[in-house]
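Tertiary structure, described
As a plain string of letters, each chain reads:
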Amino acid sequence: MSTDRKSYNQMCTVATALDYVGDRWTLLVVRELLGGAARFNEVRDGLPGIPKNLLTERLRRLEQDGLVRQIKVHNNVLYALTDLGASLRPIVEELGMWGGRVYQVAPARYERSIRAISVALHAILVRAGDALPTERIVIELEVDGEFAEVTLDSTPTVTARPSPAPHARVQTTSEHMAAMLKGKRFDDTTLKLVSGSEDAVKAFIHALG
């Protein structure tokens, strides 16, 4: 762990965890990267309001702590979670589910990023149980011009990226997505089939419950 920070200095594993990820913005940086590896500006776009220098510091610290690593893809530097960082997924998802219980109905200043949407969808789908299809189905979900690849099977995944060969391509809006994440069910008026299999879309809606 980096030493240039405050610590709770408690003999407590909760305090130790917060020493690593308890600073403001840190878990939201992790949330963005749970949606997939991303360039610096892509992470920043998903965190409106964070100063550039603070994001740089948070990423640097997460790298020092072994939660984030840099990778090169086609001459681009991307940030990605390590296995240790990715192990935070169930914690972040449970926090999101808990947050939904205490959420106050008030207008948010910023919309969810496609990476935050991906994490929220994953949290729902991994709890879908028997509602998940037995055979693999891939959906490309477009939300206001941004894309997420949804893979449905016994171990569903959601990644913030276009899908090269999905069974179906569908569109929705951030407003419809926000309503769905608050409990409203998708239907054929809120999830538009662009191309591909209607049965695949029905399987997606069924998995979302």
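Residues numbered from 1 in each chain as written. Predicted model: local features only at pLDDT ≥ 70, side-chain atom pairs only at ≥ 80, totals over all residues. Heavy atoms only, no water.

**Notes on the sheet that holds strand S5 (residues 157-159)**
The five strands are arranged S5-S4-S3-S6-S7 in an open sheet whose pairing can be described as mixed. With one partner strand each, in any of the chains shown, S5 and strand S7 (192-196) form the two edges of the open sheet. Strand-to-strand, the axes of this sheet are offset by a mean angle of 20°, without reference to chain direction. Bridging between strand S4 (residues 146-152) and S5 involves three bridges; their strand directions are antiparallel. Among the inter-strand pairings, Glu149 is bridged to a residue of S5, identified as Thr159. Where helix H9 (residues 198-208) meets the sheet, it contacts strand S3 (137-143), S4, strand S6 (168-172) and S7, and its direction lies at approximately 80° from that of S3. (Pairing = 2+ DSSP bridges. Helix = DSSP H or I, 4+ residues; strand = E, 2+ residues; numbered from the N terminus. Axes fitted to C-alpha atoms, helices over the stretch in contact; angles between N-to-C directions. Contact = heavy atoms within 4.5 Å.)

**Overview of empty space enclosed by the protein**
Under the defined criterion, the tally for this structure stands at two cavities of 30 Å³ or more. Approximately 40 Å³ is the volume attributed to the largest cavity. If you trace the largest cavity, you find it lined by His176, Ala179, Met180, Lys184, Arg185, Phe186 and Thr190. Taken together, the residues that form the lining of the largest cavity break down as three nonpolar, two polar and two charged. Approximately 30 Å³ is the volume found for the second largest cavity. Around the second largest cavity sit Tyr20, Asp23, Thr26, Arg58, Arg61 and Leu62, which together line it. The class makeup of the residues in the lining of the second largest cavity is two nonpolar, one polar and three charged. (1 Å grid on protein atoms, 1.4 Å probe; cavity = no way out; pocket = protein on both sides within 12 Å on 5 of 7 lines; lining within 4 Å. Points joined across faces, edges and corners; volume = space filled by probe spheres on them. Nonpolar A, V, L, I, M, F, W, Y, C, P; charged D, E, K, R; others polar.)

**Re helix H8 (residues 174-181)**
All of the buried residues in H8 are Ser174, Met177, Ala178 and Met180. Each buried residue of H8 lies within a common arc of 160° when the element is viewed along its axis, so the set occupies one face. Residues of H8 that are buried make contact with helix H7 (114-125), S3, S6 and H9. In the segment just after H8, Gly183 is the residue with positive phi, at about 120°. (Buried < 20%, exposed > 50% of the residue type's maximum accessible area, 1.4 Å probe, protein only. Arc of directions from axis to C-beta.)

The values reported here are purely geometric and, on their own, carry no functional implication.
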